Amino acid sequence: MIVLGIETTCDETAAALVERSEDGRGKILSNVVLSQVNEHAAFGGVVPEIAARAHVEALDLIIARAMKDARLSFDALDAVAAAAGPGLIGGVIVGLTTAKAIALVKDKPLIAVNHLEAHALTARLTDATPFPYCLFLASGGHTQVLAVRGVGDYVRLGTTHDDAIGEAFDKTAKLLGLGYPGGPQVEREAAMGDATRFVLPRPMHGRKDADFSLSGLKTALRLEAERIAPLSDQDVADLCAAFQQAVVDVVLDRLRAGLRMFRERWGAPTALVAAGGVAANQAIRKTLHRLAFEIGTVLIAPPPELCTDNGAIIAWAGCERLALGMTDPLEVAPRARWPLDEVAAAEGARQRTAAYK
Ligand code: KG4
Ligand code: ZN
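Small disclaimer: the values here were computed from a predicted structure and weren't measured. (Residues numbered from 1 in each chain as written. Chains lettered and ligands numbered in written order. Predicted model: local features only at pLDDT ≥ 70, side-chain atom pairs only at ≥ 80, totals over all residues. Heavy atoms only, no water.)

A. Main features of the site of ligand 1. As a matter of local geometry, ligand 1 sits amid 17 residues, with G140, D170, G183, E187 and G277 nearest to it. In the model, an oxygen atom of ligand 1 is placed 3.1 Å from a nitrogen or oxygen of the G166 main chain. Among the secondary structure elements, those contributing two or more residues to the shell around ligand 1 are α5 (165-175) and α6 (182-190). It is α6 that contributes the most residues to the shell around ligand 1, four residues altogether. (Near = heavy atom within 4 Å. Polar contact = N/O pair within 3.5 Å; in protein donor to acceptor, adjacent residues only side chain to side chain. Helix = DSSP H or I, 4+ residues; strand = E, 2+ residues; numbered from the N terminus.)

Okay, structure coming up:
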C-alpha cells in the first residue's frame, strides 16, 4: 500500500509518500520538508500566526513535489494521512483540510494521525522494531516516556510537569544570546565548555515515577548567568556545558525509572527507542546507548531527519493504521491537544494488533 502523509503541526511544512509491503516493511518513496526556521528566527521561537500562513502558502507545492519525486499520481494512493494534532491549531487545520480535500476528490480513505503516534511508530519504519518497546520522545513541545504496545495502544509512563527538554534548550540559547533553534547551538557551545564550573540542580532526581521538570534548572541557569554577567565566550560555553550535563543526568535518572516501570508491568522491552529533535544531541544519545546496554536491550534512534518533524512518519503511521482497517470519517476534527494515550484503537483492531508484530 502507498500512503501520502502531511505534516503541519509546528514549523515544518512537509509531505511524503511511504509504501508498506505485505510483510510490514516500510519504504520511503519521497520526503519533502520545508522548514520555516528563518521566518521564526527573529522572534526566538515559533509564532503560530506566521506558521499557519506559511503552511497555507507552501503546502500545495510541497505535496506536488512529493508526488513528483515519487513519480506517482493521486490515483496510485491507498490513503491520505495528515497529522490532526496535537500542535498549533492553525497549522493543523491547514494540513488536515488539505488531506480531506484530496481524500474527497480522489475518493480515498482519510487517516487522522496523532503527531506523537507518528514519532512513536517511526522505529518500525526504520528498523521494523516489534512491540512492545519503550519510547523516549523529546522535542520542542513534548517530553514523554511511553510504552508502545501496539498500533493505537500507548501507555504514558512519564511526562514533563513544565517545559519540554527541547524548549529548555531553546530558552537557554535565547538567554545566552545564541540563535534559534537552540538545541544544536547549546550542544556546540557545550563541547567547548567546562561542565563542572557551575552547580545546577537535577530536578526530580530519585523519584519513583518517570516524570520530568525542567523549569527549575532553567531558572538556576539564569541566576548563574545573571550573577557573573557580563558573559565572556568562555562563560557561555561553560554555562551550556553545565546545562547539557544536568539534562543528561536528568534523562538518565528519569528513564531508568521509566524502564523499571515498564519491566514491572510488561517484562523486558524489545528496545529503547528515541524520537524527537532532542534525540539528535550526541551527549544524550550516548547516555541512551549506555542505558539500553545497562538493561540488556538495544537503542533504536532513527536518523536525525526522521527524528525531527516530517511527512514520512505521518505517512508511515497512516500505513500502520490502514493495515489494521483504522480510517477516519471526513468530519474528523483537528485537535490542538491530543494526549497519546487517548488514541484508542477500535477493539477489533486492538486484537488484530496483538497478532501483528
Ligand atoms: O522534533 P522537533 O524537530 O520539533 C518539535 O518540537 O516537534 O524538535 C525540535 C526541538 C527544538 O527544541 C530543538 O532545540 C531541539 O529539538 N534540538 C536539540 C538538538 N537538535 C534539536 N536539542 C538538543 N540538542 C540538539 N542537538
Ligand atoms: Zn514532532
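B. View of the side chain of T129. With respect to the helices, strands and loops of the structure, T129 is situated in the loop between α4 (115-127) and β6 (133-138). Since its relative accessible area comes to 3%, T129 is described here as buried. Reaching out from T129, the side chain makes a polar contact with the backbone oxygen of A123 at a distance of 3.1 Å. The contact partners of T129, leaving out residues within four places of it in the chain, are A123, R124, T270, A271 and I300. (Buried < 20%, exposed > 50% of the residue type's maximum accessible area, 1.4 Å probe, protein only. Contact = heavy atoms within 4.5 Å.)

C. Structural context of the nonpolar core. L4, I6, I63, V80, L121, L135 and V148 are the most contacted members of the largest nonpolar core, which totals 65 residues. With eight residues, the single largest contributor to this core is helix α11 (residues 311-323). Filtering out sequence-adjacent residues up to four positions away, I63 remains in contact with L4, I6, A15, F74, T98 and I102. Grouped together as the second largest cluster of nonpolar side chains are 49 residues, A168, F198, A225 and A241 included. (Core = buried A, V, L, I, M, F, W, Y, C linked by side-chain atoms within 4.5 Å.)

D. Representation of the pattern of salt bridges. Scanning all chains against the criterion turns up 19 salt bridges. Measuring nitrogen to oxygen at the nearest pair gives 3.3 Å for the salt bridge that ties D209 to R254. With D209 in the loop between α6 and α7 (215-228) and R254 in helix α8 (residues 233-266), this pair connects stretches of sequence that are 45 residues apart. Judged by relative accessible area, R254 falls into the buried class, the value being 1%. When salt bridges with common partners are traced through the structure, they connect D163, E167, K171 and K218 into a single cluster. (Salt bridge = Lys/Arg side-chain N within 4 Å of Asp/Glu carboxyl O.)

E. Structural view of the packing of aromatic side chains. Taken as a whole, this structure holds four aromatic pairs when the rule is applied. With a centroid separation of 6.1 Å and an interplanar angle of 20°, the aromatic rings of F136 and F212 are classed as stacked. Placement of F136 in strand β6 and of F212 in the loop between α6 and α7 is noted, with a sequence separation of 76 residues between them. In terms of burial, F136 and F212 fall into one category: buried. Summarising the aromatic geometry, the rings of F169 and F243 are spaced 5.0 Å apart at their centres and angled 85° between planes, so their arrangement reads as edge-to-face. (Phe/Tyr/Trp six-rings, centres within 6.5 Å; stacked < 30°, edge-to-face > 60°.)

F. Main features of a nonpolar patch on the surface. Where nonpolar side chains cluster on the molecular surface, the patch consists of L104, V105 and L330 and spans about 300 Å² of accessible area. Assignment of secondary structure puts L330 in the loop between α11 and α12 (347-355). (Patch = residues over 30% accessible without salt bridge, like charges linked within 9 Å, V, L, I, M, F, W, Y side chains within 5 Å. Areas by Shrake-Rupley, 256 points an atom, 1.4 Å probe, with all protein chains shown as cover.)

G. Spotlight on the coordination of the zinc ion (ligand 2). At this site the zinc ion (ligand 2) is bound by H115 (NE2), H119 (NE2) and D309 (OD), with donor distances of 2.1 to 2.2 Å. Donor residues for the zinc ion (ligand 2) sit on one chain with the sequence pattern H-x3-H-x189-D. One end of the pair is H115 and the other is H119, both in helix α4 and four residues apart, which spans about a single turn. Each member of the pair, H115 as well as H119, carries the same accessibility label: buried. (Donors = N, O, S within 2.8 Å, 3.2 Å for Na, K, Ca; no water.)

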